[in-house]
Amino acid sequence: MTSPLTITDLTVEFPTRRKLFTAVDDATLTVEPGEIHGLVGESGAGKSTIGAAIMGLLDKPGRIAAGTIKLGEREISGLDPAAMRALRGKQLSMIFQDPLTSLNPLFTVGEQLVETIEAHLKLSGGAARKRAIELLDRVGIPNPDTRVDQYPHQFSGGMRQRVVIALALCSEPDIIIADEPTTALDVSIQAQILDLIRELARERQVGVILITHDMGVIAETTDRVTVMYDGRIVESGPTAQVLGHPQHEYTRSLIAAVPRPGLKLDRFPQISYGGRETTFKIEDLARDWPAQPRTEGPLLEVRGITKRFLDKGSLIPSRRTYFTAVDEVSFDIRAGEVFGLVGESGSGKSTIARMIAGLYPLDGGEVIFDGTPISEDPEAFRRQVQMIFQDPYSSLNPRHRVDRIVAEPALHLGVIPKENVKARVAELLDRVGLGAEAGLKYPHEFSGGQRQRISIARALATQPRFLICDEPTSALDVSIQAQILNILKDLQEHLGLTMLFISHDLPVVRQMCDRVGVLKGGQLVEVQETGRLFEAPDHPYTKELIRLMPKTDLLSTEGLTG
Amino acid sequence: MTHLPADPETETGLAPSAHRPSRWRAAWDSDIAYSFRHSPVAMVAAFVTALLILSAIFAPLIAPTNPFDPSSLNLMNGFSQPMEPNAFTGDTFLMGTDDQGRDVFSTILYGMRISLFVGAMAVLLAMVLGITLGLIAGYFRGWTDTIIMRIADVQLTFPSILVAMLIFGIARGIIPIQYRDEMAIWVLILAIGLSDWVQFARVVRGATMVERGKEYVQAAQLIGRSPLSIMVGHILPNVLSPVLVIATISLALAIIAEATLSFLGVGAPPTQPSLGTLIRIGQDFLFSGEWWILFFPACTLLALALSVNLLGDWLRDALNPKLN
Amino acid sequence: MVSYILRRVLQSIIVLLVVGLVAFSMFRFVGDPIEQLLGQERTQQDVERLREALGLNDPFIVQYADFLARALQGDFGISYRQSRPVAEILLERLPATLELAFISGFLAVTLGIALGVFTAIRRKGVAANVIMSTSLIGVSLPTFLIGILLIYVFGVQLRWLPTFGRGEVVDLGWWTTGLLTESGLKSLILPAITLGLYQMTLIMRLVRAEMLEVLRQDYIRFARARGLSAKAVNFRHALKNTMVPVITVTGLQLGSIIAFAIITETVFQWPGVGLLFINAVQFVDIPVMAAYLMLISVMFVAINLIVDLLYVWVDPRLRVDGRTA
């Protein structure tokens, strides 16, 4: 019989040099055997800290300042290290986010399983190995009796996460804490791993705490859900109830910000919680934006572009092998439209964006902008294209001041007179909602969402006609994502910008794009109007992708307008 | 990996910034300054380093005698014990005198000038060379990278002190005999500098490869900035902190390397003695009881190398907070 | 895997060829050999005849090939200073250096790894902190000062141990050893400590840094989260992963033991090849410098090859050819 986990009034503090940071504040929750309990919230909400506190693996200098954690009747917070270690693995297990780094690369999968089994069960040698093979079989690894002797690098990402789950199951624990177990995986693998976790929880009566930022995962997988904000629990209850009829204002704002695949919104509702509203002054921006020249036909034509990367080098050219990342891809983007490219990791979507932007040389084909091949006049193209990048933490040079960052493209390309640059930068920063004084600061003084606004200001400084957005919101929390997507929609509508929008996230694509191309293994398998793609996809691969999207039917639609 | 969140109020709006602290105030308040103010070891090390460097720079003002001015020497003063009046002349010397009657304290001050000059110039040379090649290798990758790093690997196979000796030996062979002593200091700088660039190149290359993959570099490439301006304007400022750590540790190593070469007689000539040369000279008198001729230069060398090393050690930990 | 090793061997050969080129260039361009061999009394005909005899008029590449061919047969020319074949002088002195290097290398590696692991695991402990602080003094103390200090204390003041030379040696025909006599062993103690101490400090600091890095990795966190014992986590998981980078750098450190032997041999007047080399540098005895360079590069390359093989043994990612899905 497995026991429930009860957390009462838990407070976790991180004393830092400047102040005492309370990561978890007075949290109370219970996980029953066989139940999957979702812990959802945006970054910094304290959800991972709860997981680490349960395991006794809080990073220094974190400490449990108040409250209790009980497994069954036994108090487990504040146990000495030896007792805690006996408990870990035995009754508590953990699955980490990244299967690539969770396994020791120098030991075979079998060795790692066997040592864990031997540490916890009264099994040794052959019996432990037999058990290891059974576990591998159970988590769905084909040919377990040969694969048990292989090393982690011989497994793919999804298979490794299965091995990690097998390791977590070794000792038949009561509670498994899964911290973003599928975030590093592609959608199709994610669905399989979540299915496996759900089956195992039922079958073995294990309580699972599933920590995630993804409302879709919560909706599909969990029985109960606890919503956290800024270290506090704001709402907790059965999943269907919390998602369908959220009571707390934060939960409502969070749910409203989730992009739905089935419903195209004009704009995300501006429900914001806990912060002041920042206004994006699109009208001011539109006033002095140059009128878009009329363009007959497509603005951008991509003609059979190909990119190969060296896979295995050799002195002898004939022995070199190449990996074709982009294979003769062709499409057009009409003036004023948002064209989406979707695909799983490795499908070549970001490579295409970089090829069009001129960051990678082409191995074949050509790109034509406004009737002229880019290779004929790259300077002219550079003046009319800008890019918004994925990672707001790496797309701004940390050693440059914000005004210098925003001014650089305009200055270098000479699109505005030198003496006007300063005024233009101040104006732009004001219009993206940061205020002109933001120019005097460095990027690290801003949050992820603010940084993405700086990126947008930088892109707009040259008044481009064509904007490439490479996963512009995938590193952001869902509420910030909603704000940024609204801004991009404004840009497209009021300034008539043409956009190439790259994403792995189908619901986001649904919200943003007029037409969508689907990539698989470097090839374009389908190009379709967005609505039709979601309702009646042609290609079997597209059908599969659409089928595997996390369902959001459970989520409340309050305040959403199509 | 848990991210500490930005303040919730800054997430959507600008934090109310009443007034921005002055640059000096910000520097004083920065994490690195804080770590410095709370590390007694680092403070002592910085004090000793500064004291030694300053006394080397102002040696002509501080030193009681100029050991290289033959007119100030009195052979009668030879082998004076520290702090004891000389039996013949009655002169007293803080750290005694050597066989020629040279004041040991003065020779140390002047010797430190040579040691520090050679060390600093050698590190500068290694740094310029290493940063340049590291940036180029990390930025362009491919064949350029392969060639530069292969050379680095081969050189790394040979310990730097040996490379320095070889360069010194070859340079001596090329330079005509009459210029050998005159050029010795520069040959020494060249030898130590060329033997030490690999460290810098490897670290800069690694950091450059990381930075190069970041999107701010792509943003600069997008608008057609030249590779040179991206390397210098964008990447270089971001790879300097590990360089600073290595430069500090390399300075200690270069000072030791110089002392070692001079001690072996393949470094600074007796006409321009560095600390190593002084120890070489002093070694001859150790067995006959004139310990101070060796002892004080050796202590100075150790103090110099140790304090610079301690600074480097602290700097590495302070710039790499995840270690703690 | 076979192709990996073959590639390594090929690279080693290229390294040796490059070193050979450096050594040959030294011969050819540094200090005119004619000048060295003929002295002041000479005629233009003598010079020409000698140039022809030495092959100095041949194309560069022919001269280089000739040099390599002779080097392979053990012919490194005649020492300018001692007027004896260089190979003979080197062989005579090699055992002294190798014995010294082997003993100190063994000390440095075993103690260095043990202390490094200890200080990494007991990071906050008093003993670890004392060791770490002492090690910083060790790194700041040049080898020659350690040697002088040891000589002064144990040789001059206490008069326990000899301060120079190898003591009595036993001639085995092709090898002279100091390991079989009491005075030989006694003579070895101070030089071995001098040479080993600095390298040990470096290895220890390196092992500690690598181990701390490994202990921060996710798979160590996961191993802890699975409830494995501290012993299994530290000595099975962490230590094996630490060894991958440590093997490389330890290989390099063993190389530098041979180089630092130069210093130790000078301080203790140890009759090895290092002392020979430093004298050659002082007197610009190019054939000896060139031969020494060739000799130790062969040793370095051999050490590196062994390191590469150890690598394959430790890291399975190198053992398997190609990638598996």
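Being a predicted model, the structure only gives us computed values, none of them experimental.

Criteria and thresholds
- Residues numbered from 1 in each chain as written.
- Chains lettered and ligands numbered in written order.
- Predicted model: local features only at pLDDT ≥ 70, side-chain atom pairs only at ≥ 80, totals over all residues.
- Heavy atoms only, no water.
- UniProt positions renumbered as here; feature names shortened; annotations may be inferred.
- Helix = DSSP H or I, 4+ residues; strand = E, 2+ residues; numbered from the N terminus.
- Pairing = 2+ DSSP bridges.
- Axes fitted to C-alpha atoms, helices over the stretch in contact; angles between N-to-C directions.
- Contact = heavy atoms within 4.5 Å.
- Phe/Tyr/Trp six-rings, centres within 6.5 Å; stacked < 30°, edge-to-face > 60°.
- Buried < 20%, exposed > 50% of the residue type's maximum accessible area, 1.4 Å probe, protein only.
- Lys NZ or Arg CZ within 6 Å of the ring centre and 35° of its normal.
- Parallel < 35°, antiparallel > 145°, perpendicular 65-115°, else oblique.
- Left-handed = near helix turned anticlockwise from the far one by under 90°.
- Nonpolar A, V, L, I, M, F, W, Y, C, P; charged D, E, K, R; others polar.
- Buried area = accessible area lost by both parts, 1.4 Å probe.
- Salt bridge = Lys/Arg side-chain N within 4 Å of Asp/Glu carboxyl O.
- Polar contact = N/O pair within 3.5 Å; in protein donor to acceptor, adjacent residues only side chain to side chain.
- Domains from an automatic or database assignment.

(A) Up close: the UniProt feature "domain: ABC transmembrane type-1" (unreviewed entry) in chain B. UniProt marks residues 112–312 of chain B with the feature "domain: ABC transmembrane type-1" (unreviewed entry), using the numbering shown here. Between the C-alpha atoms that bound residues 112–312 of chain B the distance is 20 Å, and the span itself is 85% helix and 0% strand.

(B) Main features of the sheet that holds strand 18 (residues 498–503) of chain A. Residue and element names in this part refer to chain A. One open sheet accounts for six strands, arranged 16-17-18-13-19-20; its pairing is mixed. Among the strands making up the open sheet, the edge pair consists of strand 16 (385–388) and strand 20 (523–529). Sheet twist, expressed as the average angle between the axes of neighbouring strands with direction ignored, equals 20°. As defined by bridge partners, strand 13 (residues 338–342) adjoins strand 18 across five bridges and the pair is classed as parallel. Pairing of Leu341 across the sheet is with Ile502, part of strand 18. Those strands touched by helix 18 (residues 478–495) are strand 13, strand 16, strand 17 (466–470) and strand 18, and its axis lies near 155° from that of strand 18.

(C) Looking closely at the packing of aromatic side chains. The final tally for this structure, using the stated rule, is 17 aromatic pairs over all chains. When the centroid spacing of 5.8 Å and the interplanar angle of 85° are considered together, the rings of Phe96 of chain A and Phe222 of chain C count as edge-to-face. One end of the pair, Phe96 of chain A, is in the loop between strand 6 (92–95) and helix 3 (99–102); the other, Phe222 of chain C, is in helix 9 (residues 218–225), on a second chain. Phe96 of chain A sits in the buried class, given a relative accessible area of 5%. Residue classification places Phe222 of chain C among the buried positions, given a relative accessible area of 0%. Ring centres of Phe117 of chain B and Trp186 of chain B lie 5.7 Å apart, and the angle between their planes is 90°; this geometry places the pair in the edge-to-face category. Here Phe117 of chain B is found in helix 6 (residues 104–140), whereas its partner Trp186 of chain B is found in helix 9 (residues 180–212), with 69 residues between them in sequence. With a relative accessible area of 34%, Phe117 of chain B lands in the partly exposed category. We classify Trp186 of chain B as partly exposed; its relative accessible area is 47%. By the ring-pair criterion, three or more aromatic residues cluster together here, those being Phe369, Phe381 and Phe466 of chain A. Over the ring of Tyr322 of chain A we find Arg308 of chain A, and its NZ or CZ is 5.6 Å from the ring centre.

(D) Representation of the UniProt feature "transmembrane region" (unreviewed entry) in chain B within the structure. Residue and element names in this part refer to chain B. Annotation from UniProt places "transmembrane region" (unreviewed entry) at residues 41–63, 114–140, 152–171, 183–204, 235–257 and 291–312. End-to-end, the C-alpha atoms of residues 41–63 are 29 Å apart, and along that stretch the chain is 91% helix and 0% strand. Counted over residues 291–312, helix gives 95% and strand 0%. Its end C-alpha atoms are 31 Å apart.

(E) Molecular detail of the packing of helix 8 (residues 160–174) of chain B against helix 11 (residues 227–263) of chain B. Residues and elements named next belong to chain B. The geometry of helix 8 relative to helix 11 is characterised by a closest axis approach of 11 Å and an angle of 50° between their N-to-C directions. Considering the angle they form, helix 8 stands oblique to helix 11. Helix-helix and strand crossings are classified by hand; for helix 8 and helix 11 the assignment is right-handed. The residues of helix 11 that touch helix 8, namely those facing Ile161, Ala164 and Met165, are Ala257, Thr260 and Leu261. Its residues assigned to classes, the contact of helix 8 with helix 11 shows five nonpolar, one polar and no charged.

(F) Representation of the interface of chain C and chain B in the model. Taken together, the 44 residues of chain C in the interface contact 44 residues of chain B. Together chain C and chain B conceal approximately 3,800 Å² of surface at their shared face, both sides included; 78% is due to carbon and sulfur atoms. Along the contact surface separating chain C from chain B lie one salt bridge. The residue Arg205 of chain C makes a salt bridge to Asp313 of chain B at a minimum N-O spacing of 2.9 Å. Linking chain C to chain B there are two residue pairs in polar contact (both at pLDDT 80 or more). Elements with a contribution of two residues or more to the side of chain C that touches chain B: helix 1 (2–29), helix 6 (126–140), helix 7 (143–157), helix 8 (182–215), helix 10 (230–268), helix 11 (273–282) and helix 12 (286–314) of chain C.

(G) Spatial organisation of unusual backbone geometry. Residue and element names in this part refer to chain A. For Asn143, which is not glycine, the phi dihedral falls at a positive 50°. One non-glycine residue, Glu180, lies in the positive phi region at around 50°. Among the structural elements, Glu180 can be located in the loop between strand 7 (175–179) and helix 8 (187–204).

(H) Structural detail: the UniProt feature "transmembrane region" (unreviewed entry) in chain C. Residues and elements named next belong to chain C. The positions that UniProt labels "transmembrane region" (unreviewed entry) are, in the present scheme, residues 12–30, 100–118, 130–154, 188–207, 246–270 and 290–314. What you have in residues 130–154 is 92% helix and 0% strand, and the ends, taken at the C-alpha atoms, are 25 Å apart. Structurally, residues 290–314 is divided into 100% helix and 0% strand, and its ends, taken at the C-alpha atoms, are 36 Å apart.

(I) Broad picture of the sheet that holds strand 1 (residues 5–15) of chain A. Residue and element names in this part refer to chain A. On the basis of which strands lie adjacent, the open sheet formed by four strands has the order 2-1-4-5 and antiparallel pairing. At either margin of the open sheet sits one strand with a lone partner, and together these are strand 2 (20–31) and strand 5 (74–75). As paired elements, strand 4 (residues 63–71) and strand 5 share two bridges and run antiparallel to each other. Along strand 5, the bridge assignment pairs Leu71 with Arg74.

(J) Representation of the environment of Val31 of chain A. Residues and elements named next belong to chain A. Take Val31: it is sitting in strand 2. Val31 gets classed as buried once you look at its relative accessible area, which sits at 0%. Residues Val31 and Gly207, 176 residues apart in the sequence, show an inter-C-alpha distance of 6.1 Å.

(K) A look at the domain arrangement of chain C. Residues and elements named next belong to chain C. Here chain C is partitioned into domain 1 (1–86) and domain 2 (89–318). Its C-alpha centre places domain 1 at a distance of 32 Å from the equivalent point of domain 2. The partner domain 2 presents 25 residues to the 25 residues of domain 1 that form the contact. Note on domain 1 versus domain 2: buried area summed over both sides is about 2,300 Å², and carbon and sulfur give 77% of it. The three residues of domain 1 that bury the most area against domain 2 are Tyr4, Arg81 and Val86, which together make up 25% of that side's buried surface.

(L) Region of interest: the pairing of strand 2 of chain A. Residue and element names in this part refer to chain A. Relative to strand 2, strand 1 runs antiparallel, the two being bridged by eight bridges. The residue bridging Phe14 from the neighbouring strand is Phe21, located in strand 2. Between strand 1 and the antiparallel strand that follows it, strand 2, lie four residues.

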